[in-house]
Amino acid sequence: MKMKRLKTVKSILWALVGAAFAIAVFRFWRGLGPTTALTDLTPWGFWIGFDVMGGVALAAGGFIIAATVYIFHLERYRPILRPAVLTAFLGYSAVVVGLMFDLGLPWDIWHMIVFWNPHSPLFEVGWCVMLYLTVLLLEFLPVILEMSKHPVLAAVYHVLHKFTVPLVILGIMLSSLHQSSLGSLFLIMPHRLDPLWYTPILPILFFVSAVALGLMMVTTESLFSAWLYEEEYELDLLQGLGRVAAGVLWFYLALRLGDLAARGVLPHVLDGGFGPNLFLVEILWSVLIPATLLTIPATRKRMKTLAIAAGMTVSGMVFYRIDVGGLAMIESTGTRYVPSWTELTVSFGIVAGAALVFFWIAEHFHLMHGGPMIKGRERLPDVTNFRPRLIRGAVMFVSGAALATALLPNAAIDGWPVVAQTVHRPGYGDVMILDGNRNDKGVRFDHKMHADIVEGDDKCAYCHHMVKPGARATGCSECHKDEHLPTSIFDHRLHQELLAQGPGCLTCHEDTSKPKDLEHSKPCLDCHSSMIPAGAAFKPRESPNIGLAPGYMDAMHGLCLRCHTEQDGNSSTDAPTLARCSTCHSGVVKPFDPLHPDQRLAAPKKDDAPKGDDPKAE
Amino acid sequence: MSGPKGILTDVTKCIGCERCVQSCRMANDLGTVLPFRWLLDDGLSAVRWCSVLRKDGKFVRKQCMHCLQPACVSACPVGALQKTAEGPVIYDSDKCLGCRYCMMSCPFGIPRYDWESAVPYVRKCQMCYQGRVSKGVQPGCTAGCPTGATIFGDREDLLVEAKKRIADNPGRYLPTVFGESEVAGTSVLYLAPMQLDLLTLGNKLDERPMPGRTATAMSAVPPVFVGMGALMTGIYWIIERRMKAERERAAKNGTPPTDAHGHGAAGHHTHDGKEG
Ligand code: SF4
Ligand code: SF4
Ligand code: SF4
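Residues numbered from 1 in each chain as written. Chains lettered and ligands numbered in written order. Predicted model: local features only at pLDDT ≥ 70, side-chain atom pairs only at ≥ 80, totals over all residues. Heavy atoms only, no water.

Focus: the interface of chain A and chain B
Here's step 1: Contact with chain A, which involves 93 residues of that partner, is made by 85 residues of chain B.
Here's step 2: Where chain A abuts chain B, roughly 7,900 Å² becomes buried across the two surfaces, and 64% of that area is made up of carbon and sulfur atoms.
Here's step 3: Of all residues in chain A, Asp 40, Ile 188 and His 191 of chain A bury the most surface against chain B, accounting for 10% of the area lost on that side.
Here's step 4: At the junction of chain A with chain B, the criterion picks out one salt bridge.
Here's step 5: With nine residues, helix α9 (residues 164–184) of chain A is the single largest residue contributor to the side of chain A that touches chain B. (Contact = heavy atoms within 4.5 Å. Buried area = accessible area lost by both parts, 1.4 Å probe. Salt bridge = Lys/Arg side-chain N within 4 Å of Asp/Glu carboxyl O. Helix = DSSP H or I, 4+ residues; strand = E, 2+ residues; numbered from the N terminus.)

See below:
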């Protein structure tokens, strides 16, 4: 069957466009988070690195060939002028479409026109894109209009045609600015960019490499469409471009190495490791091999080797831009960004869309050397019939979209699942101030200590993620059940036993006429007069007649902040010592000596462990 | 008001209680941190504009440095970020178009993004400009700090105070005030017993202001633009004239024009007439 290559290629392109479209829907619905792999550390990813940087670079062919033909009057390159200008136009459109995906607020892109910041390289890039896209449209419009018989369109055609040279010159001016300002963009990132790439001459390097890239882009494209439409290769023309490109590439290499030497980082090239190796691969790929192939006449004039050289220059210079735009930042930032398949698909989908437009124009207008690729060519019988092509395209589009939707992560479709996430390190620190009852009075909570006490795999879940509505963590009282209860530290039975001899009950219940309750009994401190250590940081707020210890809350609220404030400047109360119980309760708590209630026994009694320390016991 | 404001954080006085984080949250009405994929582990996020980093038993509060010559301000193509006269670097969400160039350019990695939102904005500490500092009230974080580890005041006074502390407590601090000259100075200053590399992102920077690094290239824009135009027009004119002369000479001699530039190969035979 005829034109099999074309059919297959177009089907794949339609599927890619469909997939990109499906992802686009979710990108705008759910935001960038679920549909990309971008992070706070790496806010620019593949869409900038490939679509924007690459798209602009590929468009370089447009102004190069326009300059060749119109300014330098090298008329024999006219046959590749139109495809080059169209590629530039489509490249720039791809940049704009790519940006629409990447910008957080793409509907606000017009802000660039209204709000100015001329200090920003991105401001310049934005304006150049807008203006140059317009210029390219005007430059290319005659190709479309010349087919029209309508008098108005014909008039427009003639006006545009008269202004070709000024438009071309304007295009060259904008392009040279824009190609270089894409490099200026990274001048403000010395902290991110590896010194092998970061240089004040980034804009110059970008411009020079764009020239080589543009020449080779035109070459690649001519070879590819000739292959696709099974036409003759215009080798004679192309090898001429190759010769110029070789010169530019060697010049670029000299600039690049000279700059490294001038900044004294040239020796680092051989240091090994990620950065230097990336650099070597890039130089080999983008300059050394293709420039050699293009310099030797034998390889330059053969289709295969020319194609290899052209392909390597194009991909190599896009590689250079991707390095500057991201890869050369990996080491300094330690980012672990890897483009998600969704990002890749959108990018390739945009390229695919541009390619389809290119084919369509090639098939219907005087784009290529031989005029329209379809009209009146009897070797393309089936494609003049519109419907089967449309149906094939639509089927592929829908399949692509369906496949992409099926593969999308849940988050992109349902939004972010917040409940079933794995548990991360606490959002607060080791020690935090908790304000459980939201009364603006915090208590100091030692998170790390609690995390250390509670062991096991599910230790975090012990307090967190107990699925309490609106709550992130379990309240303290969940474990410390007596938190808000004054806790009795008085053991009546023990006292009964110990005081059986002597005055017995009357030891405490002195007045037999009164009821025998706490209120009418002797205060503990009468016997245990040193129960509160002299240097205690925490003094009871109530009378010293205690029978009840204060609840945790009172105790804790009184503890940290008050003393920190009172004792400010005293180095012995610096954090974190003051927070420890032992700062006040020095030593193990020993039981009282029954015979001398004001003294304690020498050793702690067994199974007298303090209550409430082990939340698991509850 | 007097001079530009600033914040001084004394690392040796911080007890790591994160009261500042809590106060910032209250002052700016920030939401809950959810364990999203894109967060860095420094604790900052679109809903946490300050955090406390822990290193070797020391606590270092992190927030926007409010650079004197901010990279983010010079980078933003629409001027959504501005350095105010009072010192704070503030953000105008009505201008932002979400390019995230500010995030790429900040040498401290401060600005964060609402990645989960379909209408995302850039988020960072504003030194509580709108609600507080512009009204002469100190920021939430400094107001909330229980130990006075982070304080607010005129940047000049804070520098004097910092140097006084260094002089009064020999051995307690490194003898430099972090932020006095880093990237040409910041409104937020630190006193610390150790190097504060943990506050910066990526390669170590010198004291050159960040915006200056693009300024040379940007100032070359108009001359390059005009120069390129002049150059191209000139070349066009010269070659055009030479070729015209050549054509005339050829016409006089009656010979066909020399086809050095391959006139015959002109592309579109159907429209050769128009193509000129
Ligand atoms: S620290 Fe970053 S975000 Fe803050 S003012 Fe400086 S450059 Fe801008
Ligand atoms: S993301 Fe917004 S604030 Fe940041 S540079 Fe872009 S437009 Fe300016
Ligand atoms: S100055 Fe305001 S916004 Fe910045 S960290 Fe402090 S409280 Fe938060």
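That shown, we press on.
Topic: the domain arrangement of chain A
Residues and elements named next belong to chain A.
Here's step 1: If you check the domain split of chain A, you get domain 1 (7–36 + 340–407), domain 2 (37–339) and domain 3 (487–608).
Here's step 2: Put simply, the middle of domain 1 and the middle of domain 2, counted by C-alpha atoms, are 23 Å apart.
Here's step 3: If you look at the interface, domain 1 gives 32 residues, while domain 2 gives 37 residues.
Here's step 4: Summing the contributions of domain 1 and of domain 2, the shared interface buries around 3,000 Å²; its carbon and sulfur component is 71%.
Here's step 5: Scanning the region where domain 1 abuts domain 2 turns up zero salt bridges.
Here's step 6: Connecting domain 1 to domain 2 are nine residue pairs in polar contact (both at pLDDT 80 or more).
Here's step 7: Element by element, the count of residues in the side of domain 1 that touches domain 2 is highest for helix α16 (residues 341–364), at 16 residues.
Here's step 8: Of the residues assigned to the side of domain 1 that touches domain 2, the class counts are 20 nonpolar, six polar and six charged. (Domains from an automatic or database assignment. Polar contact = N/O pair within 3.5 Å; in protein donor to acceptor, adjacent residues only side chain to side chain. Nonpolar A, V, L, I, M, F, W, Y, C, P; charged D, E, K, R; others polar.)

Points about the packing of aromatic side chains
Here's step 1: Applying the stated criterion across every chain yields a total of 24 aromatic pairs over all chains.
Here's step 2: Between Tyr 252 of chain A and Tyr 320 of chain A the ring centres are 5.9 Å apart and the planes differ by 70°, which places this aromatic pair in the edge-to-face class. Of this pair, Tyr 252 of chain A sits in helix α11 (residues 235–263) while Tyr 320 of chain A sits in helix α14 (residues 303–325), and the two are 68 residues apart along the sequence.
Here's step 3: The buried category is assigned to Tyr 252 of chain A, whose relative accessible area is 1%.
Here's step 4: Tyr 320 of chain A sits in the buried class, given a relative accessible area of 0%.
Here's step 5: Ring centres of Phe 36 of chain B and Trp 38 of chain B lie 4.5 Å apart, and the angle between their planes is 20°; on these two criteria the pair is classed as stacked. Considered together, Phe 36 of chain B and Trp 38 of chain B belong to a single accessibility category, that of buried residues. (Phe/Tyr/Trp six-rings, centres within 6.5 Å; stacked < 30°, edge-to-face > 60°. Buried < 20%, exposed > 50% of the residue type's maximum accessible area, 1.4 Å probe, protein only.)

A few points about the pattern of salt bridges
Here's step 1: For the coordinates displayed, the defined rule picks out 17 salt bridges over all chains.
Here's step 2: A salt bridge links Glu 75 of chain A to Arg 78 of chain A; the nearest nitrogen and oxygen atoms lie 2.8 Å apart.
Here's step 3: Overall, the relative accessible area of 4% leaves Arg 78 of chain A in the buried class.
Here's step 4: Asp 154 of chain B is the partner of Lys 5 of chain B in a salt bridge, and the nearest nitrogen-oxygen pair spans 2.5 Å. With Lys 5 of chain B in strand β1 (residues 5–10) and Asp 154 of chain B in strand β8 (residues 150–154), the pair connects residues that are 149 residues apart, well separated along the chain.

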